[in-house]
Amino acid sequence: NNGGDLSIVLLVLILCLFGIIMVFSASYYVSINESGTPYAYLRRQLLWFAMGLAAMIILSRIDYHFWINFTPIFYLVGLGLLVALFIPGLGIEVNGATRWIGVGPITIMPGEIAKITLIFYLSGILAKNPNMLREVSGLAGVVIMTGIYAGLILKQPNMSTAATVVFIAGGLMLVAGAKIWQLGLLAGLGFAGGVALIFSSEYRHDRFLSFLDPFADSLGNGFQAVQSLLALGTGGFTGQGLGKSVQKYLYLPEPQNDFITAIIGEEIGFIGLMLLMFVYLLLIWRGCKAAMNAPDFYGMMLATGISVMVGIQVCINIAVVTSSMPPTGVILPFVSYGGNALMLLMGLMGILWNVTKQSEKKQIIQIKENEQRALEAERQKMIRKTVRQR
């Protein structure tokens, strides 16, 4: 069960361990304010990391072909959780948004799980019918099933997660053979729909305007963006030093979650952020390579979906903390305090690792078959030579 692309494991562990350090630093005063101890978030992050590590190891040992048997079930699980959000008593409303389901002391975000179930669902149906996107009905089916997820997530409301779901589906469709003009048309329709959504809600409209000029309402809708930019500006090129952030003194909301990138920039500077982005680029590159070398179409789709999901979340998080897009709740993968999101991401990395293991097995089998054919050809050559000599 060893083997596979161990660089994926190494990169994930680097990101997670760095995340543990930064979660402790970023949450220090928030944790004291909420629980009276600076270690509350650190302890929970360590627990979720341990569970995520176990999930990654276990899932790396399960042949990824096993999951194709549950293709429709994956979609139904994601759909059921998204619908359950709106059942009285299950959904937890925070700041006007219903994005969490409470299960005893644990809260889960159906939107996070929906991104994963969509990857498995689309990978499964596209692997079973690789030519389905060439037909209008097949393309429409993928768009409708993705649209149902996105619509339910928008209802929470959670526009960023809905956009992530759409990008994941788009990435899978592109790799699966959808035509560029089809994706371009869908992207245009999606953009038009997004603009309509922004101006259909005063809440979304105000957030959009605050993103364009956060300093115009620095104590209102632009508060998070302004504090984030102050953190990045204070950090400068080399940073203030690990643990020396000022914005984490209860100035910047959610410094350990959505805006941990701003604290990283403040403490270790532009250089530190660039090194972090380089690690993400390496991980995404290894994911893309896993997709290209996958033994079959299903493995290629899974590796593509996982890589696209990580890449999109990194891009959105960076865009938010630099005020390049409106503030939204997307964590920095493996680094932000994410609870069960960390465990789910590490589990996905285990599946990606297994894809690379299966690739190695296929290559070994092919090498042995080639060697066997070469030996057989040599044997036949020797037989013919012996016959001619006689």
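One can find the structure itself at the top, above this paragraph.
The structure displayed is predicted, hence computed values, not measured ones.

### Quick notes on helix H9 (residues 223-235)
One turn of the α-helix equals 3.6 residues, which is why residues spaced by three or four share an orientation. In this model, H9 (13 residues) spans 18 Å end to end at C-alpha, consistent with the 18 Å of a helix rising 1.5 Å per residue. Within the sequence span of H9, burial applies to Ala225, Val226, Gln227, Ser228, Ala231, Leu232 and Gly235. Each element contacted by the buried residues of H9 is listed here: helix H10 (260-292) and helix H11 (297-321). Gly236, located one to two residues past H9, shows a positive phi value of around 60 degrees.

### Some details on the sheet that holds strand E3 (residues 106-108)
As summarised here, the arrangement of the 3 strands in space is E1-E2-E3, forming an open sheet in which the pairing is antiparallel. At either margin of the open sheet sits one strand with a lone partner, and together these are strand E1 (91-94) and E3. Adjacent strand axes in the sheet meet at a mean angle of 45 degrees, parallel and antiparallel pairs treated alike. Both strand E2 (residues 97-103) and E3 contribute to a ladder of 3 bridges, which runs antiparallel. Bridge pairing in E3 places Ile101 opposite Ile108.

### Side note on the pattern of salt bridges
With the rule as written, the count across this model stands at 3 salt bridges. Here Arg286 ties to Asp5 by a salt bridge, and the two come within 2.8 Å at their closest N and O atoms. One end of the pair, Arg286, is in helix H10; the other, Asp5, is in the segment before helix H1 (6-35), and 281 residues separate them in sequence. There is no split in this pair, since Arg286 and Asp5 are both buried. With a closest N to O distance of 3.3 Å, Lys248 and Glu267 form a salt bridge. On the criterion of sequence distance, the pair formed by Lys248 in the loop between H9 and H10 and Glu267 in helix H10 is long-range, its members being 19 residues apart. The two residues Lys248 and Glu267 agree in class, both being buried.

Quick notes on the rules
- Residues numbered from 1 in each chain as written.
- Predicted model: local features only at pLDDT ≥ 70, side-chain atom pairs only at ≥ 80, totals over all residues.
- Heavy atoms only, no water.
- Helix = DSSP H or I, 4+ residues; strand = E, 2+ residues; numbered from the N terminus.
- Expected span 1.5 Å × (residues − 1).
- Buried < 20%, exposed > 50% of the residue type's maximum accessible area, 1.4 Å probe, protein only.
- Contact = heavy atoms within 4.5 Å.
- Pairing = 2+ DSSP bridges.
- Axes fitted to C-alpha atoms, helices over the stretch in contact; angles between N-to-C directions.
- Salt bridge = Lys/Arg side-chain N within 4 Å of Asp/Glu carboxyl O.

By themselves, these are just geometric observations and shouldn't be taken as functional.
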